[in-house]
Amino acid sequence: MTYDEVLENARKVMAPKCRVCKECNGVACRGEIPGLGGRGDGRSFTVCRDFFKSVKIEMDTVHEEFEPDLSVEMFGKKFDVPFFAAPIGGMSFNYTNFMTEEEYSEAIVNGCREAGTLPWTGDGPKDDYFSSTLPYIKAAGGVAISTMKPWTKEKVMKQIEMLKETGAIGWSMDIDSAAHQNLKLMGKPVETKTVEQLREFAQAAGIPFVVKGIMTAKAALKCKEAGAYGIVVSSHGGRVMEDNPCPASLVEEIRTACGNNFKIIVDGGIRTGGDVFKCIALGADAVLIGRPFSVAAHGGRAEGVKLYIQKIKEELREIMIMSDCRSISEIIRNKIRF
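So, here is what we can say about the structure in this document. The residue count restarts for each chain, going from 1 along the sequence in the order it is written. Local features in this predicted model are restricted to residues of pLDDT 70 or higher, and side-chain atom pairs are both shown and tallied only at a pLDDT of 80 or more, whereas totals for entire chains, interfaces and linings draw on every residue. The side-chain values count all of the structure's non-hydrogen atoms but skip hydrogen atoms and water molecules.

## Here we look at the nonpolar core
To keep things clear, this is the line we draw: The term nonpolar core refers to a set of buried residues drawn from Ala, Val, Leu, Ile, Met, Phe, Trp, Tyr and Cys, joined through side-chain atoms within 4.5 Å. Buried, partly exposed and exposed residues are distinguished by accessible area as a fraction of the type maximum, computed with a 1.4 Å probe on protein chains only: under 20%, between the cut-offs, and over 50%, respectively. Only runs of H or I of at least four residues qualify as helices and only runs of E of at least two qualify as strands under DSSP, and these elements are numbered from the N terminus.
Membership of the largest hydrophobic core comes to 103 residues, with the highest contact counts inside it found for Trp 120, Trp 171 and Ile 231. If one sorts the elements of this core by residue count, helix α13 (residues 291-322) sits on top with 10 residues.

What follows is the structure, given as structure tokens:
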């Protein structure tokens, strides 16, 4: 199977929810919620692609031959690449129900594990969206990050106890779902969280905790105060508010505020190895990629996921050679310009 075949397969089984566009930029699917589009006119999604196009990479090929090291260490583990699969759930709700929650989890967890990167699993309005991911996390030796919605305290604590049985190396909560239109329409008990509540959840789980959906330095510092391992700078794929900026555009200021002893991951419109490079140069430790991973899973299951990872890995590798970066730590701010 080739990656082009993966895309062709996905185009057939994901229609009409996803067109598998040549450029995944949120234009064709804008406003389609449930579905894959950004909220309203979709501008919180489309602005991400505009941002990445405005950032350019410095080329420097006057150097000795070398093979770049793309690996990163996070959550006490070493991964071959600095990009991970973002948490996605709701195959029957947002997608075409071609894949069950279990099938999607299996494809993402196994594909990422075999390709040397880290899968993040999702949650959603039905209880089995979360529970269906757990057997695959456990089978992978816990090398996955489970994501929960900002449910009421009682439900979060119940899910934490379920997660402990998998041996997961970390977990996250996408707190920007507290006002998510889909969940509100279904009457699900999601709510905003205080610093004290986040601290209580982090301590109860006893494993690294990442808060997803942070879009300001002020909020990032609150998460750091709560004892979080790190954050994901994220606008939830542009699906919860129309007027968010591109998350990557905020990384530099958040890194300055939080310092280097705090993990910063970013998502939102990241589509190429070049986009990964730009995020790291701005101060991110790693990135999450969402919709393209769902396309890869639908088009080729675990094998499709592996092919997509290899594609982005090779793009990043080539750029690191072309910019004289021998390791991820050498991808710094002076390697890019606006």
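From this point, the discussion proceeds with the structure in view.
## Things to note about the sheet that holds strand β9 (residues 230-233)
Two orientations exist for strands paired in a sheet by backbone hydrogen bonds: parallel and antiparallel. Note the threshold: DSSP bridges decide pairing: two strands pair if at least two such bridges lie between them. Throughout, a contact is declared for two residues whenever any of their heavy atoms are within 4.5 Å. Helix axes use the C-alpha atoms of the stretch in contact, all axes being lines fitted to C-alpha atoms, and the angles between their N-to-C directions lie in the range 0 to 180 degrees.
Spatial strand order, β4-β11-β10-β9-β8-β7-β6-β5: eight strands in an open sheet with parallel pairing. The sheet terminates laterally at β4 (83-85) and β5 (120-121), the two strands that pair on one side only. Across two bridges, strand β10 (residues 263-266) lies against strand β11 (residues 286-289) in parallel orientation. Bridge assignment links Val 266 to a residue of β11, and that residue is Val 287. On top of the sheet, helix α7 (residues 153-164) reaches β6 (145-148) and β7 (170-174); it is set at about 165 degrees to β6, its chief contact.

## Some words on the packing of α7 against helix α9 (residues 195-205)
As a reminder of what qualifies: Convention used here: angles under 35 degrees read as roughly parallel, angles over 145 as roughly antiparallel, angles from 65 to 115 as roughly perpendicular, and any remaining angle as oblique. Here a crossing is taken to be left-handed if its near helix is turned anticlockwise relative to the far helix by less than a right angle, and right-handed if that turn runs clockwise. Each residue gets one label: Ala, Val, Leu, Ile, Met, Phe, Trp, Tyr, Cys and Pro are nonpolar, Asp, Glu, Lys and Arg are charged, and the others, such as Gly, are polar.
Interaxial distance between α7 and α9 falls to 10 Å at its minimum, and their mutual angle equals 25 degrees. On the basis of their axis angle, the class for α7 and α9 is roughly parallel. When you trace α7 past α9, the crossing you get is right-handed. Contacts from Lys 153, Val 156, Met 157, Ile 160 and Lys 164 in α7 reach Glu 200, Phe 201, Ala 204 and Ala 205 in α9. Broken down by class, the residue content of the contact of α7 with α9 amounts to six nonpolar, no polar and three charged.

## Section: unusual backbone geometry
Residues apart from glycine generally show negative phi values, whereas peptide bonds are mostly found in trans. Residue Pro 16 follows Ala 15 across a cis peptide bond; omega there is 5 degrees. Tracing the backbone through its elements, the reader meets Pro 16 in the loop between α1 (3-14) and α2 (43-54). For the bond from Ile 33 to Pro 34, the omega torsion is 0 degrees, close enough to zero to count as cis. Positionally, Pro 34 belongs in the loop between α1 and α2. For Val 20, which is not a glycine, the phi torsion comes out positive at approximately 50 degrees. Examined against the element boundaries, Val 20 turns out to sit in the loop between α1 and α2. For Phe 75, which is not a glycine, the phi torsion comes out positive at approximately 55 degrees.

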